[in-house]
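A look at the structure
The primary structure of each chain is shown beneath.
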Amino acid sequence: MSVLRALRQVTALSSRAVARPVARTSLRLATVQLGSRASMTAARAFSASAHRFSEGSTDVVLSQKLAEELKYEKEAAVDATEPEFLKTFKEQGLWEIQDVVGNDEVTLVRKFGNETIRSMFSIADIQSAEEDPEYEQEEGEGAEDQPLHSYPVRASFSITKANAKGSINIDTMCQEGAFIIDNMSYYPDAQLGTDLTAEADWKRRGLYIGPQFDTLDVAVQEEIEKWVQERGINENLAMFIPEYSEYKEQKEYVRWLENVKNFVEA
């Protein structure tokens, strides 16, 4: 990012009072009037600029700083078109991406026989990982051995069946091309298990959601992992989610810069 240019100070022109003979009084008066008009013109120009940026004295500086950051982010973008990893993912045709501009959560949906599988993850996890000192230390120590997108992203899955009641919800941590299952729960009411409202979340808190996954018998864990992988919750998806999270986070950041800059300048 470039250093912010200092604002130019607008100074009013002043006329110098010089002692002249009485015969030149009219000339001195004309000089004073000319200087006064120049001062008024400069003052009006500054006033117009100030009114354009509301009444704040810091508006212009903030606007310029936002413009520089916005320019930097756009220049740093490798390609404005759809990235190759996203094209490849869409061409596979397994998952539908439900991404609403301005939201920090992304939903993936697919069909598997009579089942509907939904995955949800948030780009907020990227910022949390980047700000974690422990993560930064680990990244620096073994950066050469780790994948490009190794930061953890929480991903939850809900599986419902058209011919059966209830739903199975799976909470995972997606990192380094793999899903680590934290918990697998069953809800007798499918709507309760998939609804994202505050009321549904409150009701779920009072229900037994099952044991921690790593406390299950090893053989049971292995069979659950096979069952999950067969439904497309596999290494390919685990590589896609962090990459798409970074891609979306960058787009949302640029959009945020533009919105804030436009508001400050209004």
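Right above here is the structure, for reference.
A brief look at the structure comes next. The written sequence of each chain sets the order in which its residues are numbered from 1. Whole-chain, interface and lining totals are the exception, using all residues; otherwise, since this is a predicted model, local features are given only for residues with pLDDT of at least 70 and side-chain atom pairs are given and counted only at 80 or more. Neither water nor hydrogens contribute to the side-chain values; these are computed over all heavy atoms in the structure.

Runs of E in the DSSP output that reach at least two residues are strands. Runs of H or I that reach at least four are helices, and both are numbered from the N terminus. Each helix and strand counted, the chain has nine helices and six strands in total. Expressed as a percentage of its 266 residues, the buried residues of the chain come to 30%. The long-range fraction of contacts in the chain, counting pairs at least 24 apart against all pairs at least 6 apart in sequence, stands at 59%. The method behind every accessible area is Shrake-Rupley, applied with a 1.4 Å probe, and residues are considered shielded solely by the protein chains displayed. A total accessible area of about 18,100 Å² is found for the chain, and carbon and sulfur atoms account for 53% of it. Each residue gets one of three labels from its accessible area relative to the maximum for its type: buried under 20%, exposed over 50%, partly exposed in between, using a 1.4 Å probe on protein chains only. Throughout, a residue-residue contact means that at least one pair of heavy atoms, one from each residue, lies within 4.5 Å.

The next thing to look at is the pairing of strand E4 (residues 153–161). In this analysis, strands are considered paired if DSSP registers two or more bridges between them. By the bridge criterion, seven bridges tie strand E3 (residues 115–122) to E4 in an arrangement that is antiparallel. In the strand pairing of E4, Thr 116 is matched with Thr 160. Pairing analysis gives eight bridges linking E4 to strand E5 (residues 167–175), with the strands arranged antiparallel. Bridge pairing links Ser 158 to Asn 169 in E5. What sits between E4 and E5 in their antiparallel hairpin is a turn of five residues, with Gly 166 showing a positive phi close to 85 degrees.

This next bit is on the nonpolar core. Here the nonpolar core consists of buried residues drawn from Ala, Val, Leu, Ile, Met, Phe, Trp, Tyr and Cys, with membership extended through side-chain atoms lying within 4.5 Å. Judged by nonpolar contacts, the single largest core of 27 residues is most densely connected at Leu 108, Phe 121, Phe 157, Phe 179, Leu 237, Phe 240 and Ile 241. Taken together, the elements giving at least two residues each to this core come down to helix H3 (84–92), strand E2 (105–112), E3, E4, E5, strand E6 (178–187), helix H8 (218–230) and helix H9 (235–265). Among the elements that make up this core, the one with the highest residue count is H9 (five residues). Leave out the neighbours within four places in its chain, and Leu 237 touches Phe 89, Trp 95, Leu 108, Phe 157, Phe 179 and Gly 232. Counting five residues, the second-largest nonpolar core is a separate cluster that includes Leu 66, Leu 70, Val 254 and Leu 257.

The phi torsion at Glu 176 lies on the positive side, around 55 degrees, for a residue other than glycine. By the secondary structure assignment, Glu 176 is in the loop between E5 and E6.

To pair, rings of Phe, Tyr and Trp, with the six-membered ring standing in for Trp, must have centres within 6.5 Å; the planes then decide the type, stacked if under 30 degrees apart, edge-to-face if over 60, and tilted in the middle. On inspection of all chains with the given rule, the structure shows seven aromatic pairs. Here Phe 85 and Tyr 247 contribute two aromatic rings whose centre-to-centre distance is 6.1 Å and whose plane-to-plane angle is 85 degrees, an arrangement assigned as edge-to-face. Here Phe 85 is found in helix H3, whereas its partner Tyr 247 is found in helix H9, with 162 residues between them in sequence. The class of Phe 85 is buried, set by a relative accessible area of 18%.

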